[in-house]
Each structure stands twice: as C-alpha cells, then as structure tokens.
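Overview (structure and organization)
Here is what each chain is made of, one letter per residue.
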Amino acid sequence: MTIDDAPREALRGGPRELLRWVATGAAVSRADLSRLSGLSPSTVSQRVEALINQGLLEEAGAGQSRGGRRPRQLAVPTGGAVVGAIDLGAHHARIGTLDLSGRVVQGRTLPVRIEDGPETVLGTLLAEVTALASGGAPGASLASGGGAAGALRGVGIGIPGPVQHSTGRIVSPSRMPGWNGFDVAAFCADRVDVPVIVDNDANLMALGAHRTAHAELDHAVYIKAGTGIGSGVISSGRLHRGAQGSAGDISHCRVVADPAPLCSCGNAGCLEAVASGAALVTALREQGVPVDDLTGVLRLIDDGDRHATALARQAGRAIGEILAVVVNFFNPQVVAIGGRLADCEPLLASMRATLYERCLPLATQTLLIERVATSQDIGITGAAHLVIDHVVSAHP
Ligand SMILES: [Zn+2]
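Predicted, not measured: the structure shown is a model, and the values here were computed from it.

A few words on unusual backbone geometry. Trans peptide bonds make up the majority, and among non-glycine residues the majority have a negative phi. The residue after D258, namely P259, is reached through a cis peptide bond having omega 0 degrees. Tracing the chain through its elements places P259 in the loop between β12 (238-239) and α7 (271-275). In this model, S172 sits at a positive phi of 50 degrees, which is unusual for a non-glycine residue. As for its placement among the helices and strands, S172 is situated in the loop between β8 (169-170) and α5 (184-189). Despite not being glycine, R175 shows a phi value in the positive range, around 55 degrees. Relative to the elements of secondary structure, R175 occurs in the loop between β8 and α5.

Binding of the zinc ion to the protein goes through H252 (ND1), C263 (SG), C265 (SG) and C270 (SG), at separations of 2.0 to 2.3 Å. Given 4 donor atoms and angles of 102 to 118 degrees at the metal, the environment of the zinc ion is assigned as tetrahedral. When the donors of the zinc ion are listed by position in the chain, the intervening gaps give H-x10-C-x1-C-x4-C. Of this pair, H252 sits in the loop between β12 and α7 while C270 sits in the loop between β12 and α7, and the two are 18 residues apart along the sequence. H252 gets classed as partly exposed once you look at its relative accessible area, which sits at 35%.

Attention now moves to helix α4 (residues 118-134). Compared with an ideal rise of 1.5 Å per residue, which puts 17 residues at 24 Å, α4 spans 24 Å between its outermost C-alpha atoms and is within 8% of the ideal. A positive backbone phi angle near 70 degrees is found at G135, which sits one or two residues after α4.

Turning next to the pattern of salt bridges. For the structure on display, the rule yields 16 salt bridges. In this structure, R30 engages E59 in a salt bridge whose closest nitrogen and oxygen atoms are separated by 3.2 Å. Within this pair, whereas R30 is found in helix α2 (residues 30-37), its partner E59 is found in strand β1 (residues 58-60), the two being separated by 29 residues in sequence. Here E357 ties to R358 by a salt bridge, and the two come within 4.0 Å at their closest N and O atoms. A relative accessible area of 62% means that E357 is categorised as exposed.

Another aspect to go through is the sheet that holds strand β11 (residues 229-235). With mixed pairing, 5 strands are arranged side by side in an open sheet as β12-β11-β10-β13-β14. If you trace the sheet from one side to the other, it starts and ends with β12 and β14 (368-371), each paired once. Here 2 bridges tie β11 to β12, and the two strands are oriented antiparallel to one another. Counterpart to I234 in the pairing with β12 is L239. Helix α10 (residues 306-330) rests against β10 (220-225), β11 and β13 (334-338) of the sheet, and its axis sits at about 160 degrees to β10.

Scoring rules and cut-offs
- Residues numbered from 1 in each chain as written.
- Predicted model: local features only at pLDDT ≥ 70, side-chain atom pairs only at ≥ 80, totals over all residues.
- Heavy atoms only, no water.
- Helix = DSSP H or I, 4+ residues; strand = E, 2+ residues; numbered from the N terminus.
- Donors = N, O, S within 2.8 Å, 3.2 Å for Na, K, Ca; no water.
- Tetrahedral: all angles 85-135°; square planar, octahedral: opposite > 155°, others 65-115°.
- Buried < 20%, exposed > 50% of the residue type's maximum accessible area, 1.4 Å probe, protein only.
- Expected span 1.5 Å × (residues − 1).
- Salt bridge = Lys/Arg side-chain N within 4 Å of Asp/Glu carboxyl O.
- Pairing = 2+ DSSP bridges.
- Contact = heavy atoms within 4.5 Å.
- Axes fitted to C-alpha atoms, helices over the stretch in contact; angles between N-to-C directions.

Written out as structure tokens, the structure reads:
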C-alpha cells in the first residue's frame, strides 16, 4: 500500500508520456516514440523495456520477417489489467474499472448514504470495485492475490472533502459526519493489496478533465461546483497539491455577501456558504421557497423562478470574485467549471462577467473559460490516472 506523491514525470518523453502516446495510438513503435519525444533510441528502448517489465506495455504484432528486422509493435496490454476507481459523492458514488490508458472498461453508479460512515460506505464500494475487476460478485475476492482479481493494478479514490495527501486521511470535511480524521488509506490497505491512492474529488475532476481535454496545456484551474465547491490546479502539467494537499480548496475563501451566511467552518461569508449547491438550497428555503435538493433548485432556475435565478447570479459573481484572484495570481491558460452547477446558465454568465471585470487584461487576453465536458466518468478517469501515474512513476 502506498500513497504516491505527485507524478514526478511531467517532462517530455517521461515514462508516463511514452505510455500515453502508445495508449492513444500516436505511437506504435520505439521509433515513433523516439521521434515524438526527441529522445535517443537507446533511452527510449530503456524506458520501454522498463514499462514492459512492469506489465504496462507489451509487444504486439510481431509479424513475419522478410529478411530485414521488422519493428516490433507496442501496445497497452488488453489482457485484463485494470485500475479500479471510486468517485464518492454525497448521495451517489461512481465506480469503475479502467484500462491502463485511462479508458473506462466498466462503470456503475451506486446510491450512497454518506452518513452511514466511512467503514460501511468505503467497505461496500471497495468490494464492488474489486468484484468489477474480477468479474465476480461483491466480496468474492478482496485481495489481488486470488483469481482474476490479480489483474487489478491499483485503486484510486476521490473523497468530497479535504484529504491530507501524505497520509490519505480526511481532515474536517463539511457534510460528512463521522468521517473527520478517518484514515482512508489505512482502511483500504487492510482490504486490498494493490496501491490505493486517495485524493479529493476536485483534484480528480481536474486531472480527468486535463488529461482528456487539455493535456497540451500546462496551467489550468478546474472548479467543481456541486453540492460543495472546490477546485483543482494543474501547474506545469502536473496536479498541484501544495504542502499538505489543500491547494485549490477555495471553499472557505471569503466573498462579499450581505448578509454573510454562516459557514459550517464557523466563519461567515465563505464561498461555500454563498455559492455551493447546498448554500442555494438553504437560501431558497429561508426565502420560503420549498425545495428539496440541488435538483429542485436547478429545475426552478430552468423554469425562470426569480428567487432561484437571482441566487444563481449571486453565486456566479461570488465564484467569479474568488476565481479572479486565482487567475491574477496564477495566470492559467484555461479555467473550466464542472459539477452540477456548471449547467446553470445564469451562474456561468455572471461568473464569466466578474472574471473579465476583475482580472488583468494580460491574464484574460488568451484565457479559455470553459465548461468541463459533462461526463459522469470524469472523476473515475482522474482517479485512474492517479493510479497509472503512481504505477508508472514508482518504477522509473
Ligand atoms: Zn467556511
């Protein structure tokens, strides 16, 4: 069981990139990899051999030779090696298995009651993922040593709260009673004997969105706005976690709001208390509008309800204010918003307007402001890449 640090290999031609070129079909041979990376054939060969020894690449299509030596073709193994992924939300979890190129093999959405506590929730989800990987029923094999589950190379887990990266421990999450201080990494280590990597859900979304949509861009900020609100930062092509893993956690940044609503952290006027999905539900109820959940809020906004729409605009401005600070400070090439609130037009419009109003022209001149392509698999894709990066970088 290991908790990996950030992917070390973001340089051109690193093992991770070689693997990605083969996985995407950009390269089928060592010669292709040498041309794409600019590395010498001997360096490429050395790295390819290491990847083959780890079972991350294989030689395929060794066709008949007609005199000259035929270049051996490279491929990502399709023999069942998979990565397990869990993207935990407040009410649902998306779980899946993905191949070593990060493509989803199987995905499934399960209802979750976060208040059941970490042992129950994570125990169930781990069993489900292991069962998916082994093609059996949940609980059939929880260890990678037995049967077909040997194909499982690691499990990536996203948690909707702050995760101390070095330990894999949850620290002071909002709306997760019973989870504070829980050692996710240790709990999982007792149940599977493959690497388990734990991170927060915004980082997973950032990594998944970056690798699938903007892998060519080095600097990016991804906002996840759903029930809660957070962000993940890609710096120089890598997920930037900071010293403890809390980089990008904008949920308790203070915004201008009058009155400033009280936040679960004890302060008033936090972004999460003003602009998250949970905040919109609370604010509408306080105005006497009966609404059950975020789905209800989004429906009201679609129907043009003036209270809900005004709140969404206010939320968009608040997110824009914080994002403007981030953009001025960090100068990303792209800012993308994902999560369920990303589909809320009034919120998006005022976020965008505030961002342009408050940012230096140099910072916004070429800035892309986008929506993260809606996909229920974006989180598990990020989780799988966490594991793939770990497996690749653990054996340089
Ligand atoms: Zn707060």
